[in-house]
Amino acid sequence: MKIQTLLLLLCMMLPQFSQADGPPKKQTYPEGLLSLNPGGELWSDIRQRGDSVLDGTSQVKGVDSGILINASGVEWANFRVNELTTYSSIALAAVFVLIFLFFLIRGKVGIEGGLSGRMVKRFTDYERIVHWTLAVVFLFLAITGLILLLGRPLLIPLFGKEVFSLLASASKESHNLVGPLFLVSLLMMLFSFVRRNIYEKGDLTWLLKGGGFIGDGHVSGGFFNMGEKTWYWIVILIGLVVSVTGLILVMPIFGQGRIIMEIVHVIHVICALALIVVSIGHMYMGSVGTEGTLEGMKTGYVDINWADAHHDRWGKECHEKDLIISAEEYDKLVGTSSVNEADGSKTT
Amino acid sequence: MIENLIDGPLWYLSLAVFSLGVLWQLAAILFASRKPDLSVARGSAGSSAIKTVFSRFLPHREMRARIGIQYIAGYLFHLGLFALLFFAAPHVLFLEENLLGFGWTPMPHWAFIVSAQAAFLGLIILWLRRLMNPATRLISTRDDHIAALLTFVVMLTGCLALLEEFTALRLLHRFTVELWLIYFPFSTLMHAFTFVPSRAFTGAWFGRRGVDA
Amino acid sequence: MSEKLEKGLEVLRSEVDGKVKSFFSSCVNCGICAESCLFYTETLDPRYTPIYKTEPLRKLWRNEYSLWGKFTSAIGFAKPMTEADLSDWEELVYDGCSMCGRCSMVCPVGVDIAGMIFKVKHALSKAGISPEGLVDATQRAVDIGSPMGITLKTVQAMIKHVEADTGLKIPVDVEGADYLALLSSNEIALYPEYLESLAKIFDHAGVSWTLSSEAFEATNSGLQIGNKTIAGQLVERVVAGAEKLKVKTVISPECGHAYTALRWEGPNFIGKAFSFKVVHILELLDELQAAGRIKTSGKEAERLTFHDPCSIVRRGGIDAQPRNLLQPIAEDFVEMADHGNMNWCGGGGGVSTNERAEQLKLTAFNRKKSQIEETGAAAVVTACSNCRMVMEEGVETNEMDIELLGLTEMIAAHLEDRPAGQ
């Protein structure tokens, strides 16, 4: 409250500040006066209120070093503090509400006839390592990024300014350090999964039938279905945008000025938020949302009934090529049979 | 209070546990009785021991396709960690002021950042492989996971404190380092030292038999 | 505490030395050894990860020798070992490991994993936790002198046959001969052509040699089951025979286990150095050829490849000799992709005499199968009757069109005819 009152007072004392929009009319002085105040004109120029940006000279050589006050910065800061935080909070809240509603209505999407216990290999060790590397890096960046974006309105009231300043510094430093790893793991993801994620005939039907989550009818899918492919391309394409904008922000060594940084920052935040929002849906669908899906990313094997239900064309291939293994064989291969732990205790 | 503890007694305690623990283990290895081999040697055990200490840094040609990712991730992690440990500017300064009394040229900031990134990526991949591969999942013990987690936390708190502005963050980093040092001699982290005698023993064994190990 | 457990732990404790301490404190469970082991790569069963097979010894080290173990037992949190900690590993070390030692070559921290698996085998066999088939064979070796129950009579009958076939006299119990030749059970029972070849080659090269009526059996079942005491008893017989005949050198037959037992472990098993030299037959043949005492003629036209017996090459250091010997008699010789020190075992080794492991052995053979098929060879030459027998079985089961050849016999078949009178 105190701050707001203070700000209000400040605005009343400096009327020109409260009218940030619209260029001030230089020429219309009260009659008989050539200038209201020479200092005022200079101030207007420095504040970049004219049509042209005043680029002064400075002993310091560097990008934007001739600009004393960056007017667009205020606009950006306002946008960041008001619109960005508000809408991103709404988006995050909305996705949780939506998922909860979906869960209430649809429940856990099961498999007709249940799980058989007979498994097929879906992902190699390497593919799962790539997935989880990307996931770990992404989660870390999402959390630290959200602390930076929403920390002020959300965390200061909770922890106070002292603690938040610490948290913000830690988040910023680690976010910047880990950031480039997202691009590296994204490229690993791109190369190891791209072949199976190219759209093909039949994918559109999947979309038209709402992916089988709406209504009852079974929908056809290959190794990856239309929904998974689309999620893949969202990750790759938006992820690339987030990575590149992130690199532009973290490495101000290519002559990018403040305006570029501001625009890039806004793009970075919006794209990252989009990824976070969709990823929450992905996490839900991959774990609680559908029966038997998480297994594929945990052990690399999925139930054959799961494959038949969600990826019938691939499932058929598994049947034809005789790739299905028994429950006992599966236990053996994933190391859950007989002597299980290194300390020798038996589990089955 | 906490600050005094972490910068004072706990630091000395961890150093003592670390160095005494490591020395005790190495002594137990080197001074343990070994039966002499009575067979007639074909090759030199000594030179093979030394050679094997170095040759095992690279995988056999026959193995490369199978374990490539582990070697790449392993090197990213270990080289990154070593660079950080001994050449990051704050570490060099710390060692000079608190332990050694002399310093050396630290690496530039960008190299510091790149090393940290390499170490993080390497450790994450290695740890995930431990969890994803059925063989490593089966043989991994609680110790392996604690050691990986502690190392990860030490690296993470280090990177949280990058700005070097907040005492609390610096103390957090130092505290985790102290935990790591105390845990070290009790765990497989010991491999940082014992890999040398292990390779030498095996190199000597093969060397006596005239096998290039 | 049961008697078996007590005995097993006692033996395990006696096996913990500086090496074991170093090995276990440096192993980070990276799992690279799994990728080097044919029992893992062919079954993908994680329990066959080599370092996992050392678990009984490792657990003992963890409990009683590691700093952590000392700490936990000091505060009363130690988890004592049970008999299951030993008996659960019987199948892994006896069926799922041929002691080929490939894992010891690839370990990035340099752990001699195979060496430690042997220690586990030793403890299990001492505690009486071993497969029946192996126990029986070992008992026969102790009682009769041979795991296959071969007696002097069998050997004498074979000598008679060989003498009739070759027209050469086989020297038996010749005192003061330069060399004492030994035979493995397989070579007596399945491959009598080995003795025939020795007779021809030694006659050709003018080597002074003999067999012993007391020490003809080189197969060491004690080594196979992992029992150092029995292994030592069997080695003593050879030593006694060699000393009685006052030979300068004992020739180990092609058999890999026999070679390891005589050349490398024998003196340690019996606790004293030998008064004679031990050479492998391939070493001797290579020496003779290099000295010009073996002259061959003609070459095998078909494509050949060589299977390196693990005990002779990777754990024996005889790598160049078989290649030198093959070079003059093979027209089209190709190496397998992984050969020499990094060759893959054929599934035999320590497992070969363990009937219970038959199926697993054949699965493990798949590695050898694809290795052979990659070369496009029509025949595989090897220098170990055990390897040969196991691979012949694998080739038959898989209906492969591959011939198995013994290197010594190949040399004998290509000896240059000497002009009469020489």
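Model, not experiment: these values are computed from the prediction.

## Overview of the overall build of chain A
Piece 1. A count of helices and strands for chain A gives twelve helices and two strands.
Piece 2. Scanning chain A from its N terminus toward the C terminus, one meets helices and strands in the order α-α-α-α-β-α-α-α-α-α-β-α-α-α.
Piece 3. Burial analysis of chain A (348 residues in total) assigns 23% to the buried set.
Piece 4. For chain A, long-range pairs separated by at least 24 residues make up 67% of all intrachain contacts whose partners lie at least 6 apart in sequence.

## Brief notes about the sheet that holds strand β1 (residues 179-181) of chain C
Residues and elements named next belong to chain C.
Piece 1. Spatially, four strands are ordered β2-β1-β3-β4 in an open sheet, and the strand pairing comes out parallel. The sheet terminates laterally at β2 (209-210) and β4 (277-280), the two strands that pair on one side only.
Piece 2. As paired strands, β1 and strand β3 (residues 249-252) are joined by three bridges and run parallel to one another. Each bridged residue has a counterpart across the sheet, and for Y179 the counterpart in β3 is T249.
Piece 3. In this fold helix α17 (residues 228-245) packs onto β1, β2 and β3, with an angle of close to 140 degrees to the strand it touches most, β1.
Piece 4. Those strands touched by helix α18 (residues 256-270) are β3 and β4, and its axis lies near 155 degrees from that of β3.

## Let's talk about the interface of chain C and chain A
Piece 1. Residue-level contacts link nine residues of chain C with six residues of chain A.
Piece 2. Only α6 (55-64) and α8 (84-87) of chain C provide two or more residues apiece to the side of chain C that touches chain A.
Piece 3. For the side of chain C that touches chain A, a count of residues per class yields three nonpolar, no polar and six charged.

## Considering the environment of T141 of chain B
Piece 1. Examined against the element boundaries, T141 of chain B turns out to sit in the loop between α7 (134-139) and α8 (142-160).
Piece 2. In this structure the C-alpha to C-alpha distance between T141 of chain B and G103 of chain B, which are 38 residues apart in sequence, comes to 38 Å.

## Things to note about the confidence of the model for chain A
All names here are of chain A.
Piece 1. Of all residues in chain A, 81% have pLDDT values of 70 or greater, and the mean over the chain is 81.
Piece 2. Within the model, pLDDT remains below 50 along residues 5-22, and this stretch shows three contacts once partners closer than five positions in the same chain are excluded.
Piece 3. This stretch, residues 339-348, has a pLDDT under 50; its non-local contacts, to residues over four places away or in other chains, come to 19 contacts.

## Describing the interface of chain C and chain B
Piece 1. Taken together, the contacts link 47 residues of chain C with 49 residues of chain B.
Piece 2. Here the residues of the side of chain C that touches chain B sort into 22 nonpolar, 14 polar and eleven charged.

## Looking at the sheet that holds strand β6 (residues 330-334) of chain C
All names here are of chain C.
Piece 1. Spatial ordering of the open sheet is given by β6-β5-β7-β8, a layout of four strands whose pairing is parallel. On the outer flanks of this sheet lie β6 and β8 (403-406), each paired with one strand and no other. Direction aside, the axes of adjacent strands within the sheet are offset by 40 degrees on average.
Piece 2. Note: strand β7 (residues 379-382) against β8, four bridges, orientation parallel.

Definitions and limits used
- Residues numbered from 1 in each chain as written.
- Chains lettered and ligands numbered in written order.
- Predicted model: local features only at pLDDT ≥ 70, side-chain atom pairs only at ≥ 80, totals over all residues.
- Helix = DSSP H or I, 4+ residues; strand = E, 2+ residues; numbered from the N terminus.
- Buried ≥ 20, exposed ≤ 12 C-beta atoms within 10 Å, placed from the backbone.
- Contact = placed C-beta atoms within 7 Å.
- Pairing = 2+ DSSP bridges.
- Axes fitted to C-alpha atoms, helices over the stretch in contact; angles between N-to-C directions.
- Nonpolar A, V, L, I, M, F, W, Y, C, P; charged D, E, K, R; others polar.
- pLDDT = per-residue confidence, 0-100.

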